[in-house]
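# Structure at a glance
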Amino acid sequence: MKALIAYFTRTGRTKKTAKAIASALTNHEVSFFPVELTGKYVEKIKKLDKFENKDFSAIESELSTLDAANNDLIMIGMPTYGNFPPKVFDEILVRMKNLKGKKVIVFNTARFTGGKSLDYMKEKAESAGAEVIDQARFAKFLWIGEKDAIKFGKKVNESLS
Ligand SMILES: Cc1cc2nc3c(=O)[nH]c(=O)nc-3n(C[C@H](O)[C@H](O)[C@H](O)COP(=O)(O)O)c2cc1C
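Figured I'd write up the structure that's included with this text. (Residues numbered from 1 in each chain as written. Predicted model: local features only at pLDDT ≥ 70, side-chain atom pairs only at ≥ 80, totals over all residues. Heavy atoms only, no water.)

Moving on, we come to the overall build of the protein. Scanning the protein for helices and strands turns up 6 helices and 5 strands. In sequence order, the secondary structure elements of the protein are arranged as β-α-β-α-α-β-α-β-α-β-α. Its C-alpha atoms give the protein a radius of gyration of 15 Å, near enough to 15 Å, the size a compact globule of 161 residues would have. With the C-alpha coordinates aligned to their principal axes, the bounding extent of the protein is approximately 45 × 35 × 25 Å. In the protein, which comprises 161 residues, the proportion classed as buried is 44%. Taking the contacts inside the protein whose residues are at least 6 apart along the sequence as the reference set, 78% of them involve residues at least 24 apart. If you sum the accessible surface of the protein, you get close to 8,500 Å²; carbon and sulfur atoms cover 52% of it. Separation between the mean location of the 28 positive side-chain charges and that of the 20 negative ones in the protein comes to 5 Å. (Helix = DSSP H or I, 4+ residues; strand = E, 2+ residues; numbered from the N terminus. Rg over C-alpha atoms; globule rule 2.2 N^0.38 Å. Buried < 20%, exposed > 50% of the residue type's maximum accessible area, 1.4 Å probe, protein only. Contact = heavy atoms within 4.5 Å. Areas by Shrake-Rupley, 256 points an atom, 1.4 Å probe, with all protein chains shown as cover. Lys, Arg positive; Asp, Glu negative; His and termini not counted. Charge placed at Lys NZ, Arg CZ, Asp CG, Glu CD.)

Next up, the structure:
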């Protein structure tokens, strides 16, 4: 089976979580659609600001390749910004071709909240025609470990075998 994991990360926590989940998807051939902010702190903030103002020109060529076809599972992981994921989440849903009817799992990372944002992600993915089969929140104030993410990945792996 094939799985595509799309994620956004600014400080690396969501990336680490996505990789840990992927490590447990042993029955899947996993590919990634990473949206990672690079550069120095100020550069990252400027890039994030553009994204939050719905300017995705910096990743336009990558976005144009987004296609759920040929994947059995799509996972989308995001940080939590207030009660919402960053705007790139909505853009990924809009831009991903062949999402209708696909099995989707949404997950997020947060420092202490994230529940409402995760609900938003689920609802939005369903509105885009996806079948949301699971969701997970990974919240730690200081440090996000890999244990919970691997555990979740194993559960997903077994449920789709
Ligand atoms: C602008 C902004 C808003 C945030 N809002 C929340 C929040 O409402 N609740 C929360 O638990 N964490 C919040 N966080 C923390 C991030 O969601 C958390 O650190 C996340 O794991 C970062 O993911 P990343 O390392 O992949 O960028 C916020 C961070 C930023 C930069």
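Pairs of packed helices are described in terms of their axes, by the angle between the two and the distance that separates them. As a packed pair, helix α4 (residues 88–95) and helix α5 (residues 115–127) sit with axes 10 Å apart at the nearest point and diverge in direction by 20°. As the angle between them shows, α4 and α5 are arranged roughly parallel. Between α4 and α5 the crossing geometry is right-handed. Of the residues in α5, those in contact with Phe89, Asp90 and Leu93 of α4 are Tyr120, Met121, Lys124 and Ala125. (Axes fitted to C-alpha atoms, helices over the stretch in contact; angles between N-to-C directions. Parallel < 35°, antiparallel > 145°, perpendicular 65-115°, else oblique. Left-handed = near helix turned anticlockwise from the far one by under 90°.)

What follows is about helix α6 (residues 147–159). For α6, built from 13 residues, the straight-helix expectation of 18 Å at 1.5 Å per residue is met to within 8% by its first-to-last C-alpha distance of 19 Å. Residues of α6 that are buried make contact with α1 (13–24), β3 (73–79), β4 (103–110) and β5 (131–139). (Expected span 1.5 Å × (residues − 1).)

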